[in-house]
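Breakdown of the fold
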Amino acid sequence: MTLDDLARRVSAARAATEARGETFYPGASRVHLASFPPKERWDDWVELDSRAWPRRVERRYLLVPTTCFNCESACGLLAYVDRESLQIRKFEGNPEHPGSRGRNCAKGPATLNQVTDPDRILYPLKRAGRRGEGRWERVGWDEALDDLAGRIRKAIVERRQGEIMYHVGRPGEDGFTERVLANWGVDGHNTHTNICSAAARAGYELWCGIDRPSPDHANAKVILLVSAHLESGHYFNPHAQRIMEGKQQGAKLIVLDSRLSNTATHADVWAAPIPGSEAAIFLAIANHLVRHRLHDREFVRRWWNWQQYLEAEHPELPPTFASFESVLASLWESYTFDFAAAESGVAAAVLEEIAAAVGGAGTRLATHTWRSAASGNLGGWQVARTLFLLNALLGAVATPGGTYPNAWNKFVPRPIHLPRHPEHWNELTWPQEYPLATYELSFLLPHLLKDGRGKLDVYFTRVYNPVWTNPDGFSWIEALTDERLVGLHAALTPTWNETAYFADYVLPMGHGAERHDIHSYETHDAQWLGFRQPVLRAARERLGEPVRDSRDTNPGEVWEENDFWLELTWRIDPDGSLGIRKFAESVARPGERLSVDEYYRYIFEHSVPGLPERAAAEGLEPLAFMRRYGAFEIAREIGPLHEREVPPAELEDVAEDRHGRVYTRAPKPASPNLVPVGLPDPDGEGRRAAGVRVDGKVLAGFPTPSGRLELWSATLASWGWRELALPAYVRSHVHPQSLGPDRFCLISTFRLPVHIHTRSANAKWLDEIAHSNPLWIHPADAARLGIETGDLVRIETDIGHFVDKAWVTEGIRPGVVACSHHMGRWKLGDQAGQPVRAGQAGQSGQTDQIGQPGQRQLMATVALGHSGSRWTMRRRAGVAPYASSDPDSARIWWTDVGVHQNLTFPVHPDPVSGMHCWHQAVRVRKAGPDDRYGEIAADTARAHEIYREWLATTRPASRHSPDGTRRPHWLIRPLRPSREAYRLPRSGPAAPAPVAGGQADRQE
Ligand code: SF4
């Protein structure tokens, strides 16, 4: 039905009603239901109160935008703030948001559950007993800040910067806290990336210098996914909309997944390969494209670094494209469909069908992988590298319907203060064994601490729960409870989590409707900026009420990180003598602390092209515009930035290497986000990379050392991995040949689309939908083992076991089992023995929480035990109804919360990407009489041995660095330290000879 049809129906209804002599009610909104509330009426929007039904009671709302914080997609939300009570009544989508366009997944509206969660942490808490004992007392923010600031200042003054670490799970912002650490001169930024996406990032970065893809699904002819991207994953709601648009316009959807995900159910072709064999499939497709000359030869000639490759690997050949094509023809000839079928277990005919579709896509091939196979397997980074090879062969790079480098489809504005580069290198996050790791070796932290490689004086976890989220959680508990290893642990979190139990301070931070952030993500070929804000603060300000900071409007004393970090920075250096205070100082009012308002006002007024003009057109200041609409579209249809011709003004005093990389002394262009970003190394003379010469013109190119797409990676070759310098297939550690006959590959990485890792334990709407994670097992395997759906099964890993229920389903490959990692939350409960003293009721009306810390709607109560290195977890109780400020908590009908499998996984760091290879080799059997649901056992001594086994497969910088540095400088690295810090501390063994044509000849 069209909108006109609807309008006609409404008119007809009005006429009919009035003809009966009755009064027509046009609806509270006066807008038919197919529309979003018009933005002109966001100050006074009227809806009927659903709770008053059947009475017709109108309620008036202020509609205030913010951004969802429940995954990295950063969709727009619109908070409905009741004008009478000034409480948030609901969240819906923000139609003004260019990425999500008014739509959300279930987790967006569930933000309301998080805000009104009766068990949330409302006040800063300090431990009152031993760490982990579970005794807490309420403290003021001032006390916590002064304690933290004093310790951090002392460490900085004593040059122990390496003992300060900030470890983030969900950042939800673009670099704010990273810059805070840099401003302190501390190389202490640690992320969760190496348990998430480091492998895929490595594959993309080695190709194009940018570590994420941005597929243009809506315009694709073929969409090839190695993930459950329609239902979960990065940017999945914005991407899912566009995948469905693509399908509606005839795109073919191909999904590779060993498990029948909801995404796979929507596919035209679903293939369920043996986990880790995906790269073999993609190389077979590449071989097919080349053999049948379906590839875009002109794109390859212009944009691949084939000259470098020939020079390094085929110096006997003339350096011509004809020579390269003769080599290309045989490069992957051993990857036949039969070979790929044998490796993957997918029939050769199906692979041929996929190859034919890919070959027919031309430049409209949208591909994507993120976690999935890349994160599960040894060598998983090659899954991304071989997948992008297909785009690179077809020229489907930055084309309509193709795949863009993500940095071209996002925007990172310049902040008010630019950070400095720390002058030390943190060995606990960037150990020498992993010079090419995409991100920090975060999940190895307990092992590195135990190995005596350093210690932490102040350790922040922020929206991060490594005890539960990471593999080998018992080793985390051991490290966190050893005060010789971790001097002070402050957990910044909106909700209780398993890691916060082992903290010294628990500091309550806001949910998505209670904090400021900006963000911009690659949802499609455009650039936009989203603004998260505390909606009650914004509502009160819109009504003309003064607000000091978000604590005035958040429940209890819940704060926000921006203000917290600015205040902490101010207190670390109160007199400015350390040179730190200036980074938290107001520009408008020198001598005063920078406010959150000024921080964002500066960005919106100075750093976002077009925003001041757009705001002025509506008679608003830029900050007021962002507070009113929550997002701004900077540009559409960015297009192929690598083809942009570099203007003469940007080519001052140029130098050019023999492969056409062009360097300049001209300053960077004013709009860095409109040219390829990245930091390729300078030419040794202090010039910056400006572009690459292609057919006589200097074009912007890609931020790789060569400026081109790097089929052959000189970086890999010169840092000890020459055999993997081309896109290659690495057999997984869980390949059937490694597993043996009685073991399964356990896929442990998949999400439940309605849950958030740590912060949804009391999102009641989500809990009601999903609250268990049974083991998926194929009927053939189940019959062999005598297992039926609902049976208890014991799953044995290399360091322990867990006990779960079985779900027998044909939705999983035979020989493979799967269990979602989104379940199995736990709390220590009575074991701690002391109540939380969380203070009085907060401003939102939450009741005082007297009881054990924890989220009572989806956390089991457990007992931990250990003898030496052997740990056990026994379930004492599931969840049950309870009385609280939310009557629904008395209506909880589920008792199950799933099983925490990650505790039984040893670490598996990939020697190249540093990614934790999640898949496990496991034995599965029917549970014995003594096995109990949810029971877990693990041996941390054995876990440490396995860590060392994987460590032994690395090629450390101390032996393989071609230039005496710890890491190639051009590779992306958060918080890049100074050049001097990159140098290895002492001269190691003689460096191998530089690889011809490699980056070694370009280093300073
Ligand atoms: S996809 Fe869902 S959880 Fe993620 S930001 Fe959007 S609404 Fe929130």
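Residues numbered from 1 in each chain as written. Predicted model: local features only at pLDDT ≥ 70, side-chain atom pairs only at ≥ 80, totals over all residues. Heavy atoms only, no water.

**Quick word on the overall build of the protein chain**
Stated precisely, the cut-off is as follows: Counting from the N terminus, the helices are the DSSP runs of H or I reaching at least four residues and the strands are the DSSP runs of E reaching at least two. Two things to know: the radius of gyration comes from C-alpha atoms, and the globule rule equals 2.2 Å times the number of residues to the power 0.38. The buried label goes to any residue with under 20% of its type's maximum accessible area, the exposed label to any with over 50%, and the partly exposed label to all in between, with areas taken from a 1.4 Å probe on protein chains only. What makes two residues a contact is simply this: any of their non-hydrogen atoms within 4.5 Å. For every accessible area listed, the method is Shrake-Rupley and the probe measures 1.4 Å; residues are considered covered only by the protein chains on display. In this tally, Asp and Glu contribute negative charge and Lys and Arg positive charge; neither His nor the terminal groups of the chain are included. A charged residue contributes its charge at one atom only: NZ of Lys, CZ of Arg, CG of Asp or CD of Glu.
Per the secondary structure count, the protein chain includes 30 helices and 34 strands. The globule rule puts the C-alpha radius of gyration for 1004 residues at 30 Å, and the 28 Å found for the protein chain is close to it. The C-alpha extent of the protein chain, read off along each of the three principal axes, is 85 × 70 × 70 Å. Within the span of the protein chain, comprising 1004 residues, buried residues form 65% of the whole. Within the protein chain, contacts between residues at least 6 apart in sequence are counted, and of these 73% link residues at least 24 apart. Summed over all atoms, the accessible surface of the protein chain reaches about 34300 Å², with 50% contributed by carbon and sulfur. In the protein chain, 117 positive and 124 negative side-chain charges are present, and the distance between their average locations comes to 1 Å.

**What about the nonpolar core?**
Quick note on the threshold: Working definition of a nonpolar core: buried Ala, Val, Leu, Ile, Met, Phe, Trp, Tyr and Cys residues. They are joined through side-chain atoms within 4.5 Å.
Counting residues in hydrophobic clusters, the biggest one holds 257 residues, and the most contacted among them are W184, W304, F460, F564, L568 and F604. Not counting the four nearest positions on each side in its chain, L568 is found in contact with L145, L148, A149, I152, W184 and F460. Among the nonpolar cores identified, the runner-up in size contains 16 residues, and L77, A79, I88 and V115 belong to it.

**A closer look at empty space enclosed by the protein**
The method is simple in principle: a probe with the dimensions of a water molecule rolls over the atoms, and the space it marks as empty is what remains. The cut-off we apply is this: For cavity detection a 1 Å grid was placed over the protein atoms alone, and a set of points counts as a cavity when a 1.4 Å probe fits there but cannot get out; an open set counts as a pocket when protein lies on both sides within 12 Å along at least five of seven lines, with lining residues being those that have an atom within 4 Å of a point. Grid points are joined across faces, edges and corners, and a volume is the space filled by probe spheres set on the points. Gly is placed with the polar residues, together with every amino acid not listed as nonpolar (Ala, Val, Leu, Ile, Met, Phe, Trp, Tyr, Cys and Pro) or charged (Asp, Glu, Lys and Arg).
Per the counting criterion, the structure on display carries 14 cavities of 30 Å³ or more. Forming the boundary of the largest cavity are 26 residues, of which H192, I195, T469, H757 and H821 lie nearest the centre. Taken together, the residues of the lining of the largest cavity sort by class into seven nonpolar, 14 polar and five charged. Of the pockets and cavities examined, the second largest cavity occupies roughly 310 Å³. Together, 24 residues line the second largest cavity, and S227, A228, R371, S372 and T749 are the ones closest to its centre.

**Details of the confidence of the model for the protein chain**
Here is the rule we go by: Per residue, pLDDT captures the predictor's confidence, and it can take any value from 0 to 100.
A residue-level look at the protein chain finds 94% of positions with pLDDT of 70 or above and a mean pLDDT of 92. In the model, residues 831-851 has pLDDT below 50 throughout and makes 65 contacts with residues more than four positions away in sequence or in other chains. Across residues 988-1004, where pLDDT falls below 50, the model places 49 contacts with residues more than four positions away in sequence or in other chains.

**Focus on the packing of aromatic side chains**
So the rule is basically this: The pairing test for Phe, Tyr and Trp rings, Trp by its six-membered ring, is centres within 6.5 Å, and the orientation test on the planes gives stacked under 30 degrees, edge-to-face over 60, and tilted for anything in between. Charges are assigned to positions over rings by a cutoff of 6 Å between ring centre and Lys NZ or Arg CZ, combined with an angular limit of 35 degrees from the ring normal.
If you walk through the whole model with that rule in mind, you get 36 aromatic pairs. Taken together, a centroid distance of 6.2 Å and an interplanar angle of 85° make the contact between Y309 and F324 edge-to-face. You can see Y309 sitting in helix α10 (residues 306-313) and its partner F324 sitting in helix α11 (residues 321-331), a full 15 residues away along the chain. You'll find Y309 and F324 in the same group, each marked buried. Linked through ring pairs, Y204, W207, W304, W306, Y309, F321, F324 and F388 together constitute an aromatic cluster. Positioned above the aromatic ring of W559, the side-chain terminus of R551 is 3.7 Å from the ring centre.

**Comments concerning the site of the ligand**
Short version of the rule: Whether a residue is near a molecule or strand is decided by its heavy atoms; if any one of them lies within 4 Å of it, the residue is near.
All residues adjacent to the ligand are C68, N70, C71, S73, A74, C75, N104, C105, K107, G108, F236 and N237. Class assignment for the residues of the shell around the ligand results in six nonpolar, five polar and one charged.

**Regarding the sheet that holds strand β16 (residues 489-493)**
We count it as follows: By definition, two strands form a pair when at least two bridges between them are found by DSSP. Axes here mean lines fitted to C-alpha atoms, for a helix over just the part in contact, with angles spanning 0 to 180 degrees between N-to-C directions.
Taken in spatial order, the seven strands of this open sheet run β6-β5-β17-β16-β15-β7-β8, and their pairing is mixed. Only two strands of the sheet have a single partner each, and these edge strands are β6 (136-138) and β8 (189-190). Note that strand β7 (residues 164-168) and β8 share two bridges and pair parallel. Bridged to Y166 within β8 is H189. Sitting on the sheet, helix α20 (residues 561-572) is in contact with β7, β15 (458-462), β16 and β17 (505-508), with an inclination near 165° to β15.

**What to know about the pattern of salt bridges**
Note the cut-off: Take a side-chain nitrogen of Lys or Arg and a carboxyl oxygen of Asp or Glu: if they are within 4 Å of each other, that pair is a salt bridge.
Counted under the stated rule, the structure contains 88 salt bridges. A salt bridge links K410 to D174; its shortest N-O distance comes to 3.5 Å. With K410 in the loop between β14 (403-405) and α16 (445-450) and D174 in the loop between β7 and α4 (176-183), the pair connects residues that are 236 residues apart, well separated along the chain. By relative accessible area, which is 11% here, K410 ends up buried. In this structure, the salt-bridge partner of D563 is R593, at a minimum N-O distance of 3.0 Å. A residue pair is termed long-range when its members are at least 10 positions apart, and D563 in helix α20 and R593 in the loop between α20 and α21 (596-606) qualify at 30 residues. Through salt bridges with shared partners, one network takes in R151, K154, E158, R160, E163, K455 and D457.

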